Amino acid sequence: MDKVVHLCSRTAMGKVFVACVLGCFLGCGAKNRAADDTTDSDAIKTPATVEQAAKVLDLATFPLMDGAKPLESPQVAFLFYLAMGDVKTAVEFNRKALLSQGWKELPNSSVTDQSASAMFSRNGFVVFVSVTPNGDGSLQVRLQNQGNVKPGKLPVPPNAKAVYVGDSTAMYETAAAVAATADAIRNLFVAQGWVPYGDAGDTAVFKQNANLATVTVSSAPAQGGKTVIQYSNQLISADIPAPPNVEDLRYVDEPPELTFATTNQDAIVDFYRKTLATAGWKSTMDKMVDVDEKPTMIFRNPAKDMLTLAASGVLQGKLLFSVRFKSATEIAERDRKIKELAPKLRAAAEAKEAKEAAELAERNKVPKIAVTLPADAKDVKETKDSIKFTVGKGKAKAAVESFRNQFRNAGWKEDVASLERMAGTLLLSKEGGPSMTITYSDTGFMPSEVSLSAMRAELEAAK
């Protein structure tokens, strides 16, 4: 048995809480008020598959209120969105939408300004609707298909007495011990084709096709230490098989994902290859490959749905795995959005690239420095960053002195100055990075040569 298991989803946890409240409120001897339309000729007599459930109601395509924004990706069995307005308007919108599709509202709907809840049935399925205001004019609207298996129809150990049986929960009590009762329930569920889908504390989860049954067995000191059994049910949007002998098994339906821990990656890959193949799924790769630094394997079915098996990390020596489901509709919508956004993304990328190039060019832009040459300068040779020329014998030092004054007046700083009669060097710099090297030689028997060389600046000679 799995060591630690999360309840099916936040929705399932909410239902367990509601069930507890109902059980305490109604107490012993409560009457069965569950609607039972399974006698309908169209009702599915066994726990429904995802495909069967979608033909009755696909919440992924259910109408939303005007301006509504999904808070989770809509799924076959689950819809959660944000809308503006008041509670009563929201309830009425969903009531009309469900009634128009042939659903029947069950008794005991509750609608106030603070919250609302209602249940509807059709062909053996029950859908739960809740509306909760956020206090800022917005509402959280949830629709959850609870499946076509009534809690009151789930197997119960002998001598267990019904305390309360309703549309979304059932409670029983027995004098048998907690452990013995839990074992008996497990055996009964397995015998009827339910697969253990994990457990947590005194709660166990079982799956058959797309129906989950959550079973809580606990002691009730307030009732003389009797053992209390509580059942709740939920439809799930993806029938993801669970490998045997794994730990920390958890399923959530928003979006559909199964997670677990194991010590044997090869066994997990082999399990999913073989198990999914029987349902028509095929792997798109021969082995797990790194995607975002996570070993990953992708499976597709003929309907073009996708299951992604990924090793998400290591915790306490155990490999953590996830199996996430995406429907063909979700994938098509994602691809449509990508295609729709592609021109904008490309334009944005090109604009960003142009801006960065302009900024780089601006940073690399160098100033042009005008250099006034002596009137008798000859043999002038000029490039972008250097100027060379000759002057008469004995005139080179004077020429450099004139440059010295010229650059000093223009805000240049003199870093090094070594000016002798026959040769010399002058090093100058300016804030922002430009620097200048001026050298000369004046032997007295050859034309005197003067050279200017700049870094991070361009030179422009003028007489």
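The structure we're discussing is the one just above.
Quick summary incoming for the structure in this document. Note that this is a predicted model, so its numbers are computed, not measured.

Basis of the calculations
Residues numbered from 1 in each chain as written. Predicted model: local features only at pLDDT ≥ 70, side-chain atom pairs only at ≥ 80, totals over all residues. Heavy atoms only, no water. Helix = DSSP H or I, 4+ residues; strand = E, 2+ residues; numbered from the N terminus. Rg over C-alpha atoms; globule rule 2.2 N^0.38 Å. Buried < 20%, exposed > 50% of the residue type's maximum accessible area, 1.4 Å probe, protein only. Contact = heavy atoms within 4.5 Å. Areas by Shrake-Rupley, 256 points an atom, 1.4 Å probe, with all protein chains shown as cover. Lys, Arg positive; Asp, Glu negative; His and termini not counted. Charge placed at Lys NZ, Arg CZ, Asp CG, Glu CD. Pairing = 2+ DSSP bridges. Axes fitted to C-alpha atoms, helices over the stretch in contact; angles between N-to-C directions. Polar contact = N/O pair within 3.5 Å; in protein donor to acceptor, adjacent residues only side chain to side chain. Patch = residues over 30% accessible without salt bridge, like charges linked within 9 Å, V, L, I, M, F, W, Y side chains within 5 Å. Salt bridge = Lys/Arg side-chain N within 4 Å of Asp/Glu carboxyl O.

**Considerations on the overall build of the chain**
Okay, so step 1: A tally of regular secondary structure across the chain gives seven helices and 28 strands.
Okay, so step 2: At 40 Å, the chain has a C-alpha radius of gyration far larger than the 23 Å of a compact globule built from 463 residues.
Okay, so step 3: In terms of overall dimensions, the chain has C-alpha extents of about 125 × 50 × 50 Å along its principal axes.
Okay, so step 4: Here the chain, with 463 residues, has 41% of them falling under the buried criterion.
Okay, so step 5: Look at the contacts in the chain between residues 6 or more apart in sequence, and 52% of them connect residues 24 or more apart.
Okay, so step 6: By element, 54% of the accessible surface of the chain is carried by carbon and sulfur atoms, the whole surface being about 24200 Å².
Okay, so step 7: Averaging the locations of the 56 positively and 54 negatively charged side chains of the chain gives two centres separated by 2 Å.

**Quick look at the sheet that holds strand β8 (residues 161–165)**
Okay, so step 1: Taken in spatial order, the six strands of this open sheet run β8-β9-β13-β12-β11-β10, and their pairing is antiparallel. Of all the strands in the sheet, just β8 and β10 (195–200) have a single pairing partner and so form its edges. For this sheet, the mean inter-axis angle between neighbouring strands, taken without regard to orientation, is 20°.
Okay, so step 2: The pairing of β8 with strand β9 (residues 169–174) spans four bridges and is antiparallel. Bridged to K161 within β9 is E173.

**Describing unusual backbone geometry**
Okay, so step 1: For the bond running from E254 to P255, omega is 0°, close enough to zero to count as cis.
Okay, so step 2: Topologically, P255 is positioned in the loop between β14 (247–253) and β15 (256–262).
Okay, so step 3: With a phi close to 50°, N123 is a non-glycine residue in the positive phi region.
Okay, so step 4: Residue N123 is classed as buried on the basis of its relative accessible area of 11%.
Okay, so step 5: Located in the positive-phi region is N245, a residue other than glycine, with phi close to 60°.
Okay, so step 6: Topologically, N245 is positioned in the loop between β13 (226–235) and β14.

**Regarding the side chain of S138**
Okay, so step 1: As for its placement among the helices and strands, S138 is situated in strand β7 (residues 138–145).
Okay, so step 2: A polar atom in the side chain of S138 sits 2.9 Å from the side chain of N134.
Okay, so step 3: Reaching out from S138, the side chain makes a polar contact with the side chain of D136 at a distance of 2.5 Å.
Okay, so step 4: Dropping the residues within four chain positions of it, S138 is found in contact with L82, A83, M84, T132 and P133.

**A short note on the pairing of strand β18 (residues 294–300)**
Okay, so step 1: Judged from the two bridges that link them, strand β16 (residues 282–283) and β18 form a sheet pairing that is antiparallel. Bridge assignment links K282 to a residue of β18, and that residue is R300.
Okay, so step 2: In this sheet, β18 lies alongside strand β17 (residues 289–291) in antiparallel orientation, the contact comprising three bridges. Counterpart to D290 in the pairing with β18 is P295.
Okay, so step 3: What sits between β17 and β18 in their antiparallel hairpin is a turn of two residues, with D292 showing a positive phi close to 55°.
Okay, so step 4: As paired elements, β18 and strand β19 (residues 306–315) share five bridges and run antiparallel to each other. In the strand pairing of β19, T296 is matched with A310.
Okay, so step 5: Following β18, the chain reverses through five residues before pairing antiparallel with β19; K304 in that reversal takes a positive phi of roughly 75°.

**Side note on a negative patch on the surface**
Okay, so step 1: A cluster of acidic residues, E350, E353, E356 and E359, forms a negative patch on the protein surface.
Okay, so step 2: Residue placement: E353 occurs in helix α6 (residues 328–364).

**Structural notes on the sheet that holds strand β24 (residues 413–419)**
Okay, so step 1: The sheet built from six strands is open, its strands ordered β22-β23-β27-β26-β25-β24 with antiparallel pairing. Two strands lie at the open edges of the sheet, namely β22 (378–382) and β24, each paired on one side alone. This sheet shows a mean twist of 10° between the axes of neighbouring strands, independent of strand direction.
Okay, so step 2: Sheet strands in contact with helix α7 (residues 396–409) are β23 (386–391), β24, β25 (423–429), β26 (435–441) and β27 (448–455), and its direction is about 165° off that of β26.

**Let's talk about the pattern of salt bridges**
Okay, so step 1: Under the counting rule described, the total for this entry stands at 14 salt bridges.
Okay, so step 2: Put simply, D376 and K395 hold a salt bridge, and the shortest N to O gap is 3.4 Å. Of this pair, D376 sits in the loop between β21 (368–372) and β22 while K395 sits in the loop between β23 and α7, and the two are 19 residues apart along the sequence.
Okay, so step 3: In this structure D376 comes out as partly exposed when scored by relative accessible area, which is 30%.
Okay, so step 4: One network of salt bridges, with partners in common, ties together E401, R404, R408 and E414.

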